[in-house]
Amino acid sequence: MNPNFPAQAAPIKLYRHPKSGHSHRVELMMALLDLPYETVDIDLVNGAHKAPEFLAISPFGQVPAIDDNGVMLSDSNAILVYLVKSYPSGHDWLPESPAGAAEVQRWLSVAAGEIARGPCAARLVTVFGAALDHEGAKAAAHRLLAQMEPILERRDFLAGPTITIADVAGYSYIAHAPEGGVSLEAYPSIRAWLTRIEAQQGFVGMVRTPLSETA
């Protein structure tokens, strides 16, 4: 267990959907930090995320959210920052230098922007039946992957030579892009980057949707 987690504290509660990449970012971060946590699955189909008791935790009605012994927080990228600031592990997950912190923030913005509009949106169509422009989302995903590929040819991780929260934020939807009809075959450097993340001590994956079950 992370020695910075209080011995008397309860495990962090993670409110999630098991196939949500945003939720998986947070679970992966807690696992990499070796933090005790328990998951609470939210029934999105039947509107549990709009119930008053959940809105008290996540005002926008979105997963993930956490309850860290009374600290309530939503938004996956915000939670990543909170976790690494609250429970340092000896690794520089969020650099202190202005340039390093800015580089990580740039990739958090990509996670909230290009990744959300590309591989995330494409997967929402096939896995969840979302009424989105599937072809447009797949095209956006390939534009993003084509931009990431040469960056990851030059360095091992998105923001530099070592893993940061930028990689945690980017991993889930890129790794599961094929579930949305977005092949990674043409991007060997990206596939090698995914493998490096999966090799990290404590790594936990997100449940996979077999391609035969995607529309």
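The protein chain is annotated in an unreviewed UniProt entry as Glutathione S-transferase of Halomonas sulfidivorans. Recorded under Sequence similarities (unreviewed entry), the UniProt text for the protein chain is reproduced unchanged: "Belongs to the GST superfamily."

(A) Layout of the sheet that holds strand β3 (residues 65-68). Ordered in space as β2-β1-β3-β4, the four strands form an open sheet in which the pairing is mixed. Edge strands, defined here as strands with exactly one partner in the open sheet, are β2 (37-41) and β4 (71-74). Direction aside, neighbouring strands of the sheet carry axes that sit 20 degrees apart on average. Inspection of the sheet shows strand β1 (residues 12-16) paired to β2 by five bridges, in the parallel sense. When the sheet's bridge partners are listed, Tyr15 is paired in β2 with Val40. On top of the sheet, helix α1 (residues 21-32) reaches β1, β2 and β3; it is set at about 155 degrees to β1, its chief contact. Against the sheet, helix α3 (residues 76-86) contacts β1, β3 and β4, and its axis sits at roughly 140 degrees relative to β4.

(B) Quick look at a nonpolar patch on the surface. On the surface, Leu124, Phe128 and Leu132 cluster together to form a nonpolar patch covering roughly 240 Å² of accessible area. Within the fold, Phe128 resides in helix α5 (residues 114-128).

(C) Spatial organisation of the side chain of Ser58. Within the fold, Ser58 resides in the loop between α2 (52-55) and β3. A polar contact is formed between the side chain of Ser58 and the backbone oxygen of Gln62, at a distance of 2.7 Å. Excluding residues within four positions of it along the chain, Ser58 makes contact with Ala65 and Ser74.

(D) The arrangement of the environment of Leu158 in detail. Relative to the helices and strands, Leu158 resides in the loop between α6 (134-154) and α7 (165-175). Each C-alpha atom of the pair Leu158 and Met30 lies 20 Å from the other, and the pair is 128 residues apart in sequence. Those residues in contact with Leu158, other than ones at most four positions away along the chain, are Glu103, Trp107, Met148, Ile151, Leu152, Ala166, Asp167 and Trp193.

(E) Just the pattern of salt bridges, in detail. Following the criterion strictly, the structure yields eight salt bridges and no others. The shortest N-O distance in the salt bridge between Arg155 and Glu103 comes to 2.7 Å. Pair noted here: Arg155 is in the loop between α6 and α7 and Glu103 is in helix α4 (residues 98-112), with a separation of 52 residues, a long-range link. When its relative accessible area of 26% is taken as the criterion, Arg155 is described as partly exposed. A residue is classified by how much of its surface remains accessible, and Glu103, at 18% relative accessible area, is buried. Close ionic contact of Arg196 with Asp156 constitutes a salt bridge, the shortest N to O distance being 4.0 Å.

(F) A look at the nonpolar core. Counting 54 residues, the largest nonpolar core has Met29, Leu83 and Trp193 as its most contacted members. At the level of secondary structure, the elements contributing two or more residues to this core comprise β1, α1, α3, α4, α5, α6, α7 and α8 (188-198). Examining the composition of this core, we find that eight residues originate from one element, α7, more than from any other. Leaving out residues up to four positions away in the same chain, Leu83 has contacts with Ile12, Val26, Met29, Met30, Leu33 and Leu35. If you look at the next biggest cluster of nonpolar residues, it comprises six residues, including Ile42, Ile57, Val63 and Ala65.

Rules of the game
- Counting of residues starts from 1 at the beginning of each chain's written sequence and follows it residue by residue.
- Given that the model is predicted, a residue must reach a pLDDT of at least 70 before its local features are reported, and side-chain atom pairs must reach 80 or more before they are shown or counted; all residues, however, enter totals for whole chains, interfaces and linings.
- Side-chain measures were taken over the full set of non-hydrogen atoms in the model, leaving aside hydrogen atoms and water.
- UniProt positions are given in the numbering used here, feature names are shortened, and annotations may be inferred rather than shown by experiment.
- Only strands joined by at least two bridges in the DSSP assignment are considered to pair.
- Helix and strand assignments follow DSSP, with helices taken as H or I runs no shorter than four residues and strands as E runs no shorter than two, numbered in order from the N terminus.
- The axes are straight lines fitted to the C-alpha atoms, using for helices just the contacting stretch, and the angles between their N-to-C directions are given from 0 to 180°.
- A contact between two residues is defined here by any heavy atoms of the two lying within 4.5 Å.
- Nonpolar side chains (Val, Leu, Ile, Met, Phe, Trp, Tyr) are joined into patches within 5 Å and like charges within 9 Å, using only residues with over 30% relative accessible area and no salt bridge.
- In these tables, accessible area is a Shrake-Rupley quantity obtained with a 1.4 Å probe, and a residue counts as shielded only by the protein chains included in the view.
- Any carboxyl oxygen of Asp or Glu that lies within 4 Å of a side-chain nitrogen of Lys or Arg is treated as forming a salt bridge with it.
- Two N or O atoms form a polar contact when they lie within 3.5 Å of each other; inside protein one atom must be a possible hydrogen donor and the other a possible acceptor, and for residues adjacent in sequence the pair counts only when both atoms belong to side chains.
- We call a residue buried when its accessible area falls under 20% of the maximum for its residue type, exposed when it is over 50%, and partly exposed in between, using a 1.4 Å probe and counting protein chains only.
- By nonpolar core we mean a set of buried residues, namely Ala, Val, Leu, Ile, Met, Phe, Trp, Tyr and Cys, connected to one another through side-chain atoms within 4.5 Å.

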